Amino acid sequence: MLLKKFIILIFLLLGGLTAGSQTIYEIKYHFELEQGKENYQAFIIRNADGTGFIRSAFTDLKTNTYNITETLMEEKFGVDDQGNEDTTLLIFIGYDPVQIAGTVLYKPDHFVFQLSEDGFYEPAFVMSSDETDEEPDMGVIDGVTLLNQEDLTREKVLTYFTEQDEFYQNLFEASVRSLSPEEKKTRLHLVLVANTNDLTIGKTCAVDKETTYKTFAEIAEFLGIGFNPSVISGDDFSKVNVEKAINNLRPGSNDIVVFYYSGHGFSNLQDNYSFPYLDLRDKRSQPYGGAYTLNMEAIYQKVKSKGARLNLVLSDCCNNDPSQTNNITSEAPSTRTSSLGWDKNKCLALFMNPGRTSLLMTAAQKGELSAGNVHDGGFFTFNFRESMEKSMALYDKNKDVSWNTVVAGAKTQTIARANRTLCRQVDESLKKCVQNPVFRLD
């Protein structure tokens, strides 16, 4: 019955997964074949949004050739014998194999992780299977290593990558340009607004606040530029303080301005605004809307008028009838995290590009609710941050780093995460979340 369970889980589309931070595993394993024991090594990168890839390396017993294959990766929960979701098992399913080195391309492996007592999913065993197999080949794990950047020596990396691979070149070949004296004067201004006192979504907003602040503070430090934050949350949350913070912005012509909001939002079906109104009431006795709201498009125009080189205006809130509120969903699973830094050149390409860019983006299109949980925060915030950090990752293969790429990734992963998550409806029923971020990029 155990074997049947794992055959079934490979082909079923089950719960959506995201968690934690970046994870890099090296897993050594083997299969017992007719011609003998065949040893494999896998280099697995798992992003916090549940995406990733697997590099598998092995010497083929028949041809005695060294081979490297890359597969994309998606995550699914297991299922039990009755076909119910089994959240104690997390499966990294490999698909779309590409030959990197050698001549032997083999069917993708699938890595089964099991929930440990301390709440992390740990590697348990390996399967190799596709729809044509009656039974999968079962592999045995011989060793597991959680890798950090200091472990990525040339010898280690060349086990899974070639010298022509972007990842290898980013680690060992790339030269990083220095900021000019004028660029070193750049400041990153952050206006961060989070309704952390709210009784329904306050805890989720608090996660958004902490992760957003940390991310942009670290970006400024990494680039070696100034950081000028203004945080409005808790008892300071009010429309008066938001307007004051925006009015007090005095960016230079080469500066960066980030406005970020996490809280309640709503739309007016009778007007032409595609982006939401922010609910900025600081007392429950205050009337909804009217004098206690600002529209994101108006904030965007105000921020743009300040004349900074790069403007990011972001909101994670509902864009629906004000009688409805954000969905709070269950937490997602976690794997242990690795320490792998950003690519300085890619970070420079995003934040220090001399071209003038302004981005307005919100979590959901008109008529939709936003969703989140107290582990990840808002789905949109989580996926925007992950898309931005993936664009700056050392292993990312996309040399054309741009805000178009960041926006596309955030939009795709937010839609996918919502589609794989059950949200409570107004009638208390559970249905798939529907959340489509909208943006304007000037």
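Residues numbered from 1 in each chain as written. Predicted model: local features only at pLDDT ≥ 70, side-chain atom pairs only at ≥ 80, totals over all residues. Heavy atoms only, no water.

Below, the discussion takes up the sheet that holds strand β9 (residues 187-194). In sheet architecture, strand pairing relies on hydrogen bonds along the backbone and comes in two forms, parallel and antiparallel. Strand order in the open sheet made by the 6 strands is β10-β9-β11-β15-β17-β22, with mixed pairing throughout. Strand pairing shows two members of the sheet lacking a second neighbour, β10 (226-233) and β22 (438-441), which therefore form its edges. Neighbour-to-neighbour, the strand axes of this sheet turn through a mean angle of 5 degrees, independent of strand direction. Two strands pair when backbone bridges link them, and strand β15 (residues 310-316) and strand β17 (residues 357-362) are joined in this way by 6 bridges, in the parallel orientation. For Val 313, the partnering residue across the bridge sits in β17 and is Leu 360. (Pairing = 2+ DSSP bridges. Helix = DSSP H or I, 4+ residues; strand = E, 2+ residues; numbered from the N terminus. Axes fitted to C-alpha atoms, helices over the stretch in contact; angles between N-to-C directions.)

Let us look at the sheet that holds strand β1 (residues 23-33). Read once around its circumference, the closed barrel built from 8 strands follows the order β1-β2-β3-β4-β5-β6-β7-β8, with strand pairing classed as antiparallel. Each adjacent strand pair in this sheet contributes to an overall mean axis angle of 30 degrees, direction not counted. Where strand β3 (residues 52-59) lies against strand β4 (residues 66-79), 7 bridges are found, and the strand directions are antiparallel. Residue pairing in the sheet places Ile 54 in a bridge with Thr 71 of β4.

What follows is about the confidence of the model for the chain. Low-pLDDT portions of the prediction should not be read for the details of their coordinates. Confidence in the prediction of the chain, expressed as mean pLDDT, is 85, and 88% of residues score 70 or more. Segment residues 1-20 is flagged for pLDDT under 50; beyond a separation of four residues in sequence, or across chains, it makes 71 contacts in the model. (pLDDT = per-residue confidence, 0-100. Contact = heavy atoms within 4.5 Å.)

Another aspect to go through is the environment of Thr 153. The residue Thr 153 is located in the loop between β8 (137-146) and α2 (154-157) in this model. Polar contacts involving the side chain of Thr 153 include one to the main-chain amide nitrogen of Lys 156, which spans 3.1 Å. (Polar contact = N/O pair within 3.5 Å; in protein donor to acceptor, adjacent residues only side chain to side chain.)

Turning to the packing of aromatic side chains, a few remarks are in order. Counted under the stated rule, the structure contains 19 aromatic pairs. Both rings, one in Phe 92 and one in Phe 113, keep their centres 4.3 Å apart while their planes meet at 25 degrees; by these two values the pair is stacked. Remark: Phe 113 occurs in strand β6 (residues 109-115) and Phe 92 occurs in strand β5 (residues 85-101); sequence separation between them is 21 residues. By the burial criterion, Phe 92 is buried, and Phe 113 matches it. Each residue in the set Tyr 29, Phe 31, Tyr 40, Phe 58 and Phe 111 is aromatic and connected to the rest through ring pairs, giving one cluster. (Phe/Tyr/Trp six-rings, centres within 6.5 Å; stacked < 30°, edge-to-face > 60°. Buried < 20%, exposed > 50% of the residue type's maximum accessible area, 1.4 Å probe, protein only.)

Attention now goes to helix α9 (residues 403-419). The end-to-end C-alpha separation of α9 is 24 Å, in line with the 24 Å expected for 17 residues at 1.5 Å each. Considered for burial, the residues of α9 that qualify are Trp 403, Val 406, Val 407, Ala 410, Gln 413, Thr 414, Arg 417 and Ala 418. One side of α9 holds all its buried residues, which, seen down the axis, span an arc of 145 degrees. (Expected span 1.5 Å × (residues − 1). Arc of directions from axis to C-beta.)

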